[in-house]
Amino acid sequence: IYYRVKDGKGNFSPTRRLTLDRPDIPEILAPKANEEFESDNQDAVPVIVTLRPPQVDGRLRLQVATEPSFADPGLDLVVTVPQVNHKFPPGNYFLRARSQFENDGVDSDWSASVPFAVRERINFWAGPARTRSMEMTGPTRSMGVSGRIP
């Protein structure tokens, strides 16, 4: 951006360049890259997103999407606190964040994308075990044996 100032007599100052300071990019502290969370029965799991903001005042914008392009983020929040708790169903996700100055609308660049996943817990327990009793006999004695049947 370039600007000039006009005085009361109609004279312009020399052209000068105006540079705007952009806020620094927030750091994503949690979830960690490639962190996995477990879900029971397709339930949504609470995931705590923790950011380290670069400045005291201002807002944080975070987005979560199911693809790395963020073309259609499923979550797009502007917050004033560095920690957000949100529930996610099983799936693969990508998280990114940026800082925003409170009043002037200047945003930082987006942070690097952090992938994380919510996995459905696989339950190998199919129900109560069935048992069978049988009598084993040998040449000199007999004994009762009980065992599990798969």
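A brief structural summary. (Residues numbered from 1 in each chain as written. Predicted model: local features only at pLDDT ≥ 70, side-chain atom pairs only at ≥ 80, totals over all residues. Heavy atoms only, no water.)

**Considering the overall build of the chain**
A count of helices and strands for the chain gives zero helices and twelve strands. Shown N-terminal to C-terminal, the secondary structure of the chain runs as helices and strands in the order β-β-β-β-β-β-β-β-β-β-β-β. Total accessible area on the chain stands at roughly 10800 Å², and carbon and sulfur atoms take up 50% of it. (Helix = DSSP H or I, 4+ residues; strand = E, 2+ residues; numbered from the N terminus. Areas by Shrake-Rupley, 256 points an atom, 1.4 Å probe, with all protein chains shown as cover.)

**Quick notes on the pattern of salt bridges**
Taken as a whole and judged by the stated rule, the model has six salt bridges. A salt bridge links R52 to E27, with the shortest nitrogen-to-oxygen separation between them at 2.7 Å. Of this pair, R52 sits in strand β5 (residues 45-52) while E27 sits in strand β3 (residues 27-30), and the two are 25 residues apart along the sequence. The class of E27 is partly exposed, set by a relative accessible area of 39%. When the shortest N-O distance is used, the salt bridge between R61 and D76 registers 2.8 Å. Here R61 is found in strand β6 (residues 59-65), whereas its partner D76 is found in strand β7 (residues 75-79), with 15 residues between them in sequence. Bridged by salt links that share partners, the residues E38, D40 and R121 form one connected network. (Salt bridge = Lys/Arg side-chain N within 4 Å of Asp/Glu carboxyl O. Buried < 20%, exposed > 50% of the residue type's maximum accessible area, 1.4 Å probe, protein only.)

**Describing the nonpolar core**
Judged by nonpolar contacts, the single largest core of 19 residues is most densely connected at L51, L62, V64, F88, L95, F116 and V118. Of all the secondary structure elements, the ones that give two or more residues to this core are β5, β6, β7, β8 (83-88), β9 (91-100) and β10 (114-120). Per-element tally for this core: the top contributor is β5, with four residues. With sequence-adjacent residues up to four places away left out, L95 is seen in contact with I28, A30, P31, V49, L62, Q63, V64, F70, A112, S113, V114 and F116. (Core = buried A, V, L, I, M, F, W, Y, C linked by side-chain atoms within 4.5 Å. Contact = heavy atoms within 4.5 Å.)

**Quick notes on a nonpolar patch on the surface**
On the surface, a cluster of nonpolar side chains totalling about 370 Å² of accessible area is made up of I1, Y3, V5 and L18. Looking at the element boundaries, Y3 is found in strand β1 (residues 2-3). (Patch = residues over 30% accessible without salt bridge, like charges linked within 9 Å, V, L, I, M, F, W, Y side chains within 5 Å.)

**Describing the side chain of S111**
Checked against the element boundaries, S111 lands in the loop between β9 and β10. The buried category is assigned to S111, whose relative accessible area is 11%. Ignoring any residue separated from it by four or fewer positions in sequence, one finds S111 in contact with I25, P26, I28, R96 and A97.

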